[in-house]
Amino acid sequence: MNRIPSVSLRRDGTAGEEEEAPPDPAALARWARAFCVIRFDLERGQLVEACFPQGALDAAGLDRLVAFSSFPDSMSHHLPRHRSSVHDSLFSFRVPDPSLSASVAGSRRGFLYGFVFNRQRQDERLPRGGEQKSVVILSHAPYSSLFRLLLQILGPLCFDIGPSALSMVASHVAAWPAPAPGRPMELPIGSAALRVHLPPAADDPSPPPALLPANPSVPYGLYHDADLFAAFRGLLLHLWTLWELMVVGEPVLVVAPSPSQCSEAVAGLVSLVAPLLYSVDFRPYFTIHDPDFARLNALAEGEVFPPMVLGVTNLFFLKSLKSIPNVVSVGSPNPNSTRVLPVGGQSPGSGNGINGTPGKLKLDKLSINKFSPTSLLNSIKLRREGPLSLMTEHKEALWSTYTPTTKPDTSVLNRLIDAGVSPRIEESMSVVNNEILHRHFLELTTNFLAPFGPYLRTTTPLEGSSPFVDPPLLPPFHADEFINGLAARGAGKFLSKRMRSNWLDLYRKFLEGSNFMPWFRQRRAAAEQEQQRLWRQARMNVDIEKLMSNLTELERIDSFNAIERYLLREMELNSRTGAVESTTVSEKLMRDLQSAFSVLPKDMQQLLLSNPKRAVLLQGINEKVPGFDDNVSKISL
């Protein structure tokens, strides 16, 4: 839905001039692993026609895996064919990185994200009536909002001037500053600039903001730009069930007619649980050539399907992965239309708007609290036939063995806008609807995670107390105690309106699922880091003379030892990083150490100076603190 301005990337100068130096590989690697053009050869299948940098796909099997993931599956729903036509599409995939070993103890499996601009050209004059090519950006980072915009430049440019466009765009990318996850950036590309707000890093230790964002473009997780409304237009009532499936880490199979629709749906599902760190393996576009397919296909009957979210277009998966307990089908076989009406829908011309003007989505069109014998029979038939019914006809539906706790929020659905039949209005209204949906589920997830707040709460020194003591430890977490305490307190006002009486079961499943522990460890690390920062700041702000005047002699000695310990720590940090902040803190601690030393009894000062290392430290402070050397020298005599 992002519009890209027209840009010019052609280099100035004559043919006789020297060519520009190739982009710095290290600088380019900060953003992307490779830029590729992949061609579908009638005799040899998918082939990497060009790749920049050369050899970027040399890791075992990576070239083949990327090539097969960059084209619509052979068993996808067929696109309409015309005598002469061009069909462009954007989609994404996520595959294991064969260059990173997950066998090392404690290491996490590495993944690569692929972003694809695919062009299918139908022409009776061509062999077999057409050709296919894909332009691919491969990266270790899931910067979908950025790479989708970049592909809208690189894709058409490759078809215009050929593979030389890869190195041309790579030169611009290598000139960008280092990525700043969680922050807005303006990245020049030719005569234009891409304005993006990168999502936070998966291992970002910084705490999430306490309040919901006023600006909906600010990302709180992956795929914040996913077109949630278009992907699940026909399944809006099921979004709350899908949210639960994602929160607890249930396996989900997403079936769609095209890679664009299935990858957008998987991205939308991942975006539902922000700001929760989604730790379950997800594949926006999964094919039988993926190295994990053999393992999944070999699961014995009755064996539990691993937590994964797979987006597929090949209907063969409905049979080969039949043990997966949750299947959702999305999208429309017509790629030129995103106007997929809800269950029991109408023709596109009979929307809520009058003469194509936007209007509110009516709840009766979503079948809320509306009963009819026909709808009941259709529901029973759909459930009885199961996902295999998609083999004969594509329909939007959810098949699941999961019993949801969360109720659909009709107040949110009432705010959604039906765009009528105008494509321009459709796009504008989709932006509004996506903002409504993303904001609601962000609020829902934030409230769901709120009970864990006491275990992540930081503390600061009490007024008048010493900041030169170790901060208290965060409260220990025990699952049983958490559940019992939550049962006693209740779900809270926000959740109690939206959840059924078995709401505690959702928390139990979350604690047992794959998302809880990675998220909780990350948030604990962030809280501990924040607490260290707050206490460090308190040490910078403390009036040491006032503090020491209120302490006993024993407390003054303890404070001297603590200040010395923190000073040595800061000096070590400063020697490693040379950070200005660490230098400032060290200088403040030196002054505090001087003040603490000066109020100690003479015999204690003499005893402290008997330690050679401490004596050297105290002697060295005179270079930073005027007058301190005279005091130390007198004690040393």
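Source: prediction; values computed, not measured.

Asks: What am I meant to see in helix α4 (residues 164–174) here?
Replies: Since the α-helix packs 3.6 residues into each turn, any two residues three or four apart lie on the same face. In terms of burial, α4 is a largely internal element, eight of the 11 residues being buried. The complete set of buried residues in α4 reads Ala165, Leu166, Met168, Val169, Ala170, Ser171, Val173 and Ala174. Buried residues along α4 sit against α1 (25–29), β1 (34–41), β2 (45–52), α3 (144–161) and β6 (184–189).

Asks: Any chance you could explain the packing of aromatic side chains here in plain terms?
Replies: Between two aromatic rings, the relevant description is the distance of the centres plus the angle of the planes. If you walk through the whole model with that rule in mind, you get 35 aromatic pairs. Measuring from ring centre to ring centre gives 6.4 Å for Trp519 and Phe520, while their planes differ by 50°; the resulting arrangement is tilted. Of the two residues examined, Trp519 and Phe520, each falls in the buried class. Each member of the aromatic cluster is reached from another via a ring pair, and the members are Trp243, Phe448, Phe452, Tyr455, Phe477, Phe482, Trp503, Tyr507, Phe510, Phe516, Trp519 and Phe520. A cation over a ring is seen here: Arg94 above Phe111, with NZ or CZ 3.8 Å from the ring centre. A cation over an aromatic ring shows up here: Arg539 above the ring of Tyr566, its NZ or CZ 3.8 Å from the ring centre.

Asks: I tried to follow the sheet that holds strand β10 (residues 308–312) on my own but got confused; where do I start?
Replies: Strands belonging to one sheet form pairs held by backbone hydrogen bonds; the direction of such a pair is parallel or antiparallel. Strand order in the open sheet formed by five strands is β9-β10-β8-β11-β13, and the pairing between neighbours is mixed. Across the chains shown, the open sheet's two edge strands, defined by having one partner strand only, are β9 (281–283) and β13 (397–400). Direction aside, neighbouring strands of the sheet carry axes that sit 10° apart on average. With four bridges connecting them, strand β8 (residues 252–255) and β10 associate as parallel partners. Along β10, the bridge assignment pairs Val254 with Gly311. Its contacts with the sheet place helix α6 (residues 239–248) against β8, β10, β11 (326–329) and β13, and it is angled at close to 45° to β13.

Asks: Even after reading the chapter, I still don't get the nonpolar core, so can you show me in this structure?
Replies: Within soluble globular proteins, side chains that are nonpolar tend to cluster in buried spots. The biggest cluster of nonpolar side chains holds 126 residues, and the ones touching the most others in it are Phe35, Leu150, Phe232, Trp243 and Trp519. Broken down by element, this core gets its largest block of residues, nine residues, from α3. With residues up to four places along the chain from it excluded, the contact list for Trp243 reads Leu272, Val273, Thr406, Phe441, Leu444, Thr445, Phe448, Met499 and Leu506. Counting 25 residues, the second largest nonpolar core, distinct from the first, contains Val542, Ala596, Leu600 and Leu608.

Asks: Looking at this model, I keep getting lost on the pattern of salt bridges. Mind explaining?
Replies: Applying the stated criterion across every chain, the model contains 20 salt bridges. Between Arg119 and Asp88 there is a salt bridge, and its shortest N-O distance comes to 2.8 Å. Note that Arg119 is positioned in strand β4 (residues 111–123) and Asp88 in strand β3 (residues 84–96), a separation of 31 residues in sequence. For Asp88, a relative accessible area of 34% puts it in the partly exposed group. Note that Glu186 and Arg195 form a salt bridge whose closest N and O atoms lie 3.1 Å from each other. Through salt bridges that share partners, Arg94, Asp281, Arg283, Asp290, Asp292 and Arg295 make up one connected network.

Reading guide: rules and limits
- Residues numbered from 1 in each chain as written.
- Predicted model: local features only at pLDDT ≥ 70, side-chain atom pairs only at ≥ 80, totals over all residues.
- Heavy atoms only, no water.
- Buried < 20%, exposed > 50% of the residue type's maximum accessible area, 1.4 Å probe, protein only.
- Helix = DSSP H or I, 4+ residues; strand = E, 2+ residues; numbered from the N terminus.
- Contact = heavy atoms within 4.5 Å.
- Phe/Tyr/Trp six-rings, centres within 6.5 Å; stacked < 30°, edge-to-face > 60°.
- Lys NZ or Arg CZ within 6 Å of the ring centre and 35° of its normal.
- Pairing = 2+ DSSP bridges.
- Axes fitted to C-alpha atoms, helices over the stretch in contact; angles between N-to-C directions.
- Core = buried A, V, L, I, M, F, W, Y, C linked by side-chain atoms within 4.5 Å.
- Salt bridge = Lys/Arg side-chain N within 4 Å of Asp/Glu carboxyl O.

These results come straight from atomic positions and should not be treated as a statement about function.
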